[in-house]
Amino acid sequence: MTDLTRRHFTLLAGASLGTLATPLFAPAVLGQGKPKLVVIGGGPGGGTVARYVNKDLKGAVDVTLIEPQKNFTTCFFSNIHVGGYRSFQSITHNYNKVRKEGVKLVHEAAASIDRDKKEVVLAGGKRVPYDRLVVAPGIDIKFDSVPGYSEAAAQIMPHAWKPGAQTQLLVKKLNALKDGDTIVMIAPPNPYRCPPGPYERVSMFAHVLKKKGHKKSRIIVLDPKTAFSKQALFLEGWEKHYPGMIEWQDPKVHGGIKGVDPKTGEIKTDLANYKATLANVIPAQMAGKIARDAGLADQSGFCPIDPETMKSKMDANIFVVGDACIPGDMPKSAFSANSQAKVAAMIIGGELAKARTFPARYSNTCWSLIETDDDVKVGGTYEPGEGKLKAVTTFVSQKGEAADLRKRNYQESVDWYASIVGDVFG
Ligand SMILES: Cc1cc2nc3c(=O)[nH]c(=O)nc-3n(C[C@H](O)[C@H](O)[C@H](O)COP(=O)(O)OP(=O)(O)OC[C@H]3O[C@@H](n4cnc5c(N)ncnc54)[C@H](O)[C@@H]3O)c2cc1C
């Protein structure tokens, strides 16, 4: 990460790296030996906390990162891969540098959390004690929110809302389409990870079809929502770059999504039955199982947090960052997860190593590529307020902007990607 970018993120996140880099140490404030931080989940949320606490507190805290995957493919920029701009390899990262820096990597799933004993129980049965725990498992898919859909059906009608094999399956099916074929996407209901993500993906589908010279292929988006993120910008971009190819239907048009049949490829709504050559079904979502099982989620399926600290409202020794938490006005994004993680790392530094802390500040930007060099963005800064992460400032791209501005947006997103993977994977 360049100094400039690092300063930028530091200022935006409010969790000053400078602060964490020069802590006023009290090496072991909790009992014998070094205090123990355990992190569940090595994505942009958990991975950032683990690296920041380890590096910036200079080993004063013993950090264990529990993450079953040895190779982590990012969901962010997976649409860019779908569009053919990036290889799968370029969005896949490992934890070798993180391990070399001194974080203890456990490549095993956490099976449960014993909150009374302050221990994480691994899938293999081993127990890992903690003084503070960060829970960052991302989302689980609510398969049954779409009638007829299931984990097995996802092998035919991929959601690709969790990265890796699902993304590869989606790309394989996309690249096999012939002119005249139909793509049907079922978009997810709120709240879900990456609000503009489905619509950027539709743009990337269209980009691939257009590049292959398709004249008759169609993309139908069946949405349970009446509006979506950056809607005016996407609709303008679709009309400009892919006229007549994309049809977005809200519930007033389709009348309700009735279900899918993976055997026939059929998707039923109140209005019509669609036969999709490629069906991309993105169901409703909830916090990862480990968080729900530990009693950290509420009836929404996600985990309420204290906006000043990112601590779980259910347990003061546990922090929940990233998609698993209820982030108030902040969207669920990798940028948000990384920003929340920096606040959690700062508070953990304060509690376990008496490092200085500052008021929590958060930020987010979500870029979306509509067509080559035509990239739009939305974002904001957030502070604790009204019991949530409250938007303080917001911005969004405008319709009809100059081409060079849109091109700069794309370059910004490329720079951001390099920065965040540097933050998480070293
Ligand atoms: C198509 C798409 C495009 C996107 N584009 C963008 C974008 O451009 N910009 C952006 O900011 N965001 C984007 N996002 C959103 C972004 O990917 C997520 O918000 C982000 O990954 C959330 O980070 P996280 O750390 O909370 O969860 P995750 O990234 O899901 O990481 C969670 C980790 O926890 C691990 N885990 C789960 N359960 C356990 C367990 N029991 N034990 C141990 N480990 C466990 C998982 O293996 C996983 O590695 C996009 C998402 C999608 C689907």
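A brief report on the enclosed structure follows. Predicted model only: the values in this text are computed from it and were never measured.

Topic: the overall build of the protein
Inference 1: Secondary structure summary: the protein contains 12 helices and 24 strands in total.
Inference 2: Dimensions along the principal axes, computed over C-alpha positions, put the protein at roughly 70 × 45 × 40 Å.
Inference 3: Expressed as a percentage of the 426 residues in the protein, the buried residues total 57%.
Inference 4: In the protein, of all internal contacts separated by at least 6 residues, the share reaching a separation of at least 24 is 68%.
Inference 5: If you sum the accessible surface of the protein, you get close to 17,100 Å²; carbon and sulfur atoms cover 53% of it.
Inference 6: Charged side chains of the protein number 56 positive and 43 negative; the gap between the two group centres comes to 4 Å.

Quick look at the site of the ligand
Inference 1: Taken together, 33 residues are adjacent to the ligand, and Gly45, Glu67, Ala110, Arg193 and Asp323 come closest.
Inference 2: Measuring from an oxygen atom of the ligand, one finds a backbone N or O atom of Pro44 at 3.4 Å.
Inference 3: Between an oxygen atom of the ligand and a side-chain N or O atom of Asp323, the distance comes to 2.8 Å.
Inference 4: Burial of the ligand by the surrounding chains reaches 91%, relative to a free accessible area of 990 Å².
Inference 5: For the shell around the ligand, the secondary structure elements donating two or more residues are α3 (44–56), α4 (78–82) and α11 (334–353).
Inference 6: Across the shell around the ligand, the residue classes tally to 18 nonpolar, 10 polar and 5 charged.

Some points on the environment of Val135
Inference 1: With respect to the secondary-structure elements, Val135 resides in strand β9 (residues 132–135).
Inference 2: Judged by its relative accessible area of 0%, Val135 falls in the buried class.
Inference 3: Spatially, the C-alpha atoms of Val135 and Gly124 are 19 Å apart, while their sequence positions differ by 11 residues.
Inference 4: Once residues lying within four places of it in the same chain are set aside, the contact partners of Val135 are Ile40, Ile113, Ile290, Ala291, Leu296, Ile318, Phe319, Val320 and Val321.

What to know about the packing of helix α6 (residues 165–175) against helix α7 (residues 197–211)
Inference 1: Orientation of α6 relative to α7, taken along the N-to-C sense of each, is 35°, at an axis distance of 10 Å. Relative to α7, α6 is oriented so that their crossing is right-handed. Along the contact surface, α6 presents Leu170, Leu174 and Asn175, while α7 presents Arg201, Phe205, Val208 and Leu209.
Inference 2: Across the contact of α6 with α7, the residue classes break down as 5 nonpolar, 1 polar and 1 charged.

Section: the sheet that holds strand β14 (residues 257–261)
Inference 1: Spatially, β14-β15-β16 is the arrangement adopted by the 3 strands of the open sheet, whose pairing is antiparallel. Two strands bound the open sheet, and with one partner strand each, they are β14 and β16 (273–275). Shown here is a sheet whose adjacent strand axes are inclined to one another by a mean of 15°, direction ignored.
Inference 2: Pairing between strand β15 (residues 266–269) and β16: 3 bridges, direction antiparallel. Residue pairing across strands places Lys268 opposite Asn273, the latter belonging to β16.

With respect to the nonpolar core
Inference 1: Counting 110 residues, the largest nonpolar core has Leu37, Val49, Trp238 and Met310 as its most contacted members.
Inference 2: It is α11 that contributes the most residues to this core, 11 residues altogether.
Inference 3: Every residue in contact with Val49, bar those within four places of it in the chain, is listed here: Leu37, Val134, Val321, Ala341, Ala344, Ala345 and Ile348.
Inference 4: Membership of the second largest hydrophobic core comes to 15 residues, among which are Ala154, Val260, Ile267 and Ala279.

Describing the sheet that holds strand β17 (residues 278–281)
The pairing of strands in a sheet happens through backbone hydrogen bonds and is either parallel or antiparallel.
Inference 1: Read across the open sheet, the 4 strands follow the order β13-β12-β11-β17; overall the sheet is parallel. What marks the edges here is a single partner per strand, and that holds for β13 (246–249) and β17. Neighbour-to-neighbour, the strand axes of this sheet turn through a mean angle of 15°, independent of strand direction.
Inference 2: As judged from the 4 bridges shared by strand β11 (residues 182–186) and β17, these two strands associate in the parallel manner. Counted as the bridge partner of Val184 is Ala279 from β17.

Rules and cut-offs
Residues numbered from 1 in each chain as written. Predicted model: local features only at pLDDT ≥ 70, side-chain atom pairs only at ≥ 80, totals over all residues. Heavy atoms only, no water. Helix = DSSP H or I, 4+ residues; strand = E, 2+ residues; numbered from the N terminus. Buried < 20%, exposed > 50% of the residue type's maximum accessible area, 1.4 Å probe, protein only. Contact = heavy atoms within 4.5 Å. Areas by Shrake-Rupley, 256 points an atom, 1.4 Å probe, with all protein chains shown as cover. Lys, Arg positive; Asp, Glu negative; His and termini not counted. Charge placed at Lys NZ, Arg CZ, Asp CG, Glu CD. Near = heavy atom within 4 Å. Polar contact = N/O pair within 3.5 Å; in protein donor to acceptor, adjacent residues only side chain to side chain. Nonpolar A, V, L, I, M, F, W, Y, C, P; charged D, E, K, R; others polar. Axes fitted to C-alpha atoms, helices over the stretch in contact; angles between N-to-C directions. Left-handed = near helix turned anticlockwise from the far one by under 90°. Pairing = 2+ DSSP bridges. Core = buried A, V, L, I, M, F, W, Y, C linked by side-chain atoms within 4.5 Å.

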